[in-house]
Amino acid sequence: MPWWSWILIWIALVAVSLLFYVLLGIRLFRQFMATMKDLGAAGERFGAPLADITDPAPQPGTAPEGQRTVPGSAVFASPMQMRHDYLTSKSSRREERRRRRVQRKADRGQPQALRDIEFS
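Residues numbered from 1 in each chain as written. Predicted model: local features only at pLDDT ≥ 70, side-chain atom pairs only at ≥ 80, totals over all residues. Heavy atoms only, no water.

**Some remarks on the overall build of the protein chain**
The number of helices and strands found in the protein chain is 3 helices and 0 strands. Taking all 120 residues of the protein chain together, the buried fraction comes to 3%. A total accessible area of about 11,200 Å² is found for the protein chain, and carbon and sulfur atoms account for 65% of it. (Helix = DSSP H or I, 4+ residues; strand = E, 2+ residues; numbered from the N terminus. Buried < 20%, exposed > 50% of the residue type's maximum accessible area, 1.4 Å probe, protein only. Areas by Shrake-Rupley, 256 points an atom, 1.4 Å probe, with all protein chains shown as cover.)

What follows is the structure, encoded as structure tokens:
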């Protein structure tokens, strides 16, 4: 086999490998763009409107009128205040779950658990 046939074989191998890398790059780019499109759609769907972020509406029973919380204020709050807020919201979520469980069991006619019955 002449020496130039080896060169042609190597040129063909390099060309095929370059073609493979180009096709792989195109496929990865298309997948990346599809992912970015999906993330953009999810951001538009689940993102809060700008007016709600800059001027949140006060919710009744969350904070007194003088102590209106602003998003990002946790950075400057004291650890004790954040712990208190965390425990308060945790207990309110727990109480809300208990209330929904009691209501659901009452609707179905199921017996209540002793921990769910308020004795006081």
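**With respect to the environment of Gln112**
Summarising the element assignment, Gln112 is placed in the segment after helix H3 (79-108). The class for Gln112 is partly exposed, based on a relative accessible area of 28%. C-alpha separation for the pair Gln112 and Arg101, spaced 11 residues apart in sequence, amounts to 9.1 Å. Contact partners of Gln112, with chain neighbours within four places excluded, come to Val102, Lys105, Ala106 and Ile117. A polar contact of 3.2 Å, which involves the side chain of Gln112, links it to the backbone oxygen of Val102. (Contact = heavy atoms within 4.5 Å. Polar contact = N/O pair within 3.5 Å; in protein donor to acceptor, adjacent residues only side chain to side chain.)

**Remarks on the confidence of the model for the protein chain**
Confidence in the prediction for the protein chain averages 83 pLDDT; 80% of positions are at 70 or higher. Summarising per-element confidence for the protein chain, the mean pLDDT is lowest in helix H2 (residues 50-54) (53) and highest in helix H1 (residues 3-46) (93). (pLDDT = per-residue confidence, 0-100.)

**As for a positive patch on the surface**
Among the surface-exposed residues, Arg83, Lys90, Arg93, Arg94, Arg97, Arg100, Arg104 and Arg108 lie close enough to one another that they form a single positively charged patch. Of note, Arg83 is situated in helix H3. (Patch = residues over 30% accessible without salt bridge, like charges linked within 9 Å, V, L, I, M, F, W, Y side chains within 5 Å. Salt bridge = Lys/Arg side-chain N within 4 Å of Asp/Glu carboxyl O. Lys, Arg positive; Asp, Glu negative; His and termini not counted. Charge placed at Lys NZ, Arg CZ, Asp CG, Glu CD.)

**Focus: H3**
Its 30 residues give H3 an end-to-end C-alpha distance of 43 Å, which sits within 8% of 44 Å, the value for a rise of 1.5 Å per residue. Two residues or fewer after H3 comes Gly109, characterised by a positive phi angle close to 75°. (Expected span 1.5 Å × (residues − 1).)

**What to know about the side chain of Arg98**
Positionally, Arg98 belongs in helix H3. Under the relative-accessibility criterion, Arg98 is labelled buried at 13%.

**A few points about the pattern of salt bridges**
Evaluated as defined, the whole model comprises 2 salt bridges. For the salt bridge of Glu95 with Arg98, the shortest nitrogen-to-oxygen distance reads 2.7 Å. Linking Glu95 with Arg98, this pair stays in helix H3, spanning 3 residues, or about one helical turn. Here Glu96 and Arg99 are joined by a salt bridge, their closest N and O atoms 2.4 Å apart. With Glu96 and Arg99 both in helix H3 and 3 residues apart, this pair spans about one turn of that helix.

**A few points about a nonpolar patch on the surface**
A contiguous nonpolar patch, built from Val14, Leu18, Phe20, Tyr21, Leu24 and Leu28 and spanning about 610 Å² of accessible area, is present on the exposed surface. Position of Tyr21 relative to the elements: it lies in helix H1. The class for Tyr21 is exposed, based on a relative accessible area of 54%.

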